[in-house]
Amino acid sequence: TGKPMMPRQITRTAGALLAAATLALATAACGDPQAAPTGSAATDASFPRVIATAKGDVTIPRKPERIVVLDTAELDSVTLLGVTPVGAIPPHLSDSTAFPSYLKDKLTGTVEVGTSAEPKLDLIASLRPDLILSNKVRHDKIYDQLSKIAPTVLTETTGFPWKANLAVHATALGREQEAQDAVTAYETRAKKVGEAIVARNGGRAPTVSVTRFMAGVIRMYQKSNFSGVILVDAGLTRPASQNVDAFSSEISPELIDRADADALFVTTAVAPDKTQKQAVEASPLWSRMGAVRNGKVFPVKDEVWISGIGVQAAHLVLDDLAAAFGVPRQGS
């Protein structure tokens, strides 16, 4: 394939970010000494490199070995690519300092470095990182402070452009080919799971609702987010209330029937007693919903469906979809 140079910047639009990341994953060869080569394992010779980020070009002088990640998408990315971060934070909105349970076996020795809202800068510095990964949504305000500690790569946002963001993370680590291979394998599996579900459903793609109970808020997830991308990749459809190219919408308990679908996947962001979940599930409106009457309400992990935001979490979402619709997992 051709080997274009890296783009100079990633714009605020998801489309431009995806284009930039696609270039980041391309093999570099037109004599550009700063372009990042692909390969199953980066070598010290592929550094230094300059990569495009949401904060402009960032120079990474050497192959990173001590990485700190400050959000869960970045955590999924680095562990997917075989890197154990020296420091990380727990999921956004987590009630504890626990790392995601699905990644715990890959985080032996990883130090918890504060919360998403308040990273512990002194602790991060003490870990002597040579790369920090996060995004502008969480940490734009402290970018200058982070950059004084180590080269800091921020993507514009998180969630919806998760494949493009993985490409940026992989480029920073020098592991582009591994990321490409992982996304291809996931997309192949998503298509197979979706086809099996459609076949099981008489040839019709069922509607899938993703609804999250938060403190004082009930959120319906639309198409432009992590789980929304997975459902599109699987060829599944959304109820009218969620079939929008947007991140999410909020409803009151009196409108919970808008979340109805052939299958309703429900997550809880915090302890259930801090949400309206119990009151909603005791209401007559809830009991009249088709998904409830048909036994098609599926509680799933918030740390996977909402906060996972990466290939590893995406495979777990596919596991949940396969189990809910009674079809084979189609690999993992």
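Residues numbered from 1 in each chain as written. Predicted model: local features only at pLDDT ≥ 70, side-chain atom pairs only at ≥ 80, totals over all residues. Heavy atoms only, no water.

The next thing to look at is helix α8 (residues 226–233). Note: α-helices contain 3.6 residues per turn, so residues at a spacing of three or four share the same orientation. Judged by how many residues are buried, α8 sits mostly within the fold: six of eight residues are covered. Contacts made by the buried residues of α8 are with α6 (162–173), α7 (176–200), β8 (208–214), β9 (217–221), α12 (302–305) and α13 (311–325). (Buried < 20%, exposed > 50% of the residue type's maximum accessible area, 1.4 Å probe, protein only. Helix = DSSP H or I, 4+ residues; strand = E, 2+ residues; numbered from the N terminus. Contact = heavy atoms within 4.5 Å.)

Let us now look at the packing of aromatic side chains. The relative placement of two aromatic rings is captured by the distance of their centres and the angle of their planes. Inspection of the entire model under this criterion finds five aromatic pairs. Taking 5.3 Å as the distance between ring centres and 75° as the angle between the ring planes, the aromatic pair formed by tryptophan 162 and phenylalanine 226 counts as edge-to-face. Separated by 64 residues along the polypeptide, tryptophan 162 in helix α6 and phenylalanine 226 in helix α8 bring together distant segments of the chain. Note on accessibility: tryptophan 162 and phenylalanine 226 belong to one class, buried. Centre to centre, the rings of tyrosine 221 and phenylalanine 247 are 5.4 Å apart; their planes meet at 70°, and the pair counts as edge-to-face. Of this pair, tyrosine 221 sits in strand β9 while phenylalanine 247 is found in the loop between α8 and β10 (248–251), placing the two residues 26 residues apart along the sequence. For tyrosine 221, a relative accessible area of 2% puts it in the buried group. Residue class for phenylalanine 247 comes out partly exposed when judged on its relative accessible area of 39%. Through a chain of ring-to-ring contacts, three or more aromatic side chains come together here, namely Trp162, Tyr186 and Phe226. (Phe/Tyr/Trp six-rings, centres within 6.5 Å; stacked < 30°, edge-to-face > 60°.)

This brings us to the pattern of salt bridges. The tally for this structure, following the rule as stated, stands at 13 salt bridges. For aspartate 233, the salt bridge is made with lysine 163, and the minimal N-O distance between the two is 2.8 Å. Linking aspartate 233 in helix α8 with lysine 163 in helix α6, this pair joins segments that are 70 residues apart in sequence. Given a relative accessible area of 23%, aspartate 233 falls into the partly exposed group. Of the charged contacts, one joins glutamate 281 and lysine 277 as a salt bridge, the two residues approaching to 2.9 Å between their closest N and O atoms. With glutamate 281 and lysine 277 both in helix α9 (residues 277–281), this residue pair falls four residues apart, about one helical turn. When salt bridges with common partners are traced through the structure, they connect Lys163, Glu187 and Asp233 into a single cluster. (Salt bridge = Lys/Arg side-chain N within 4 Å of Asp/Glu carboxyl O.)

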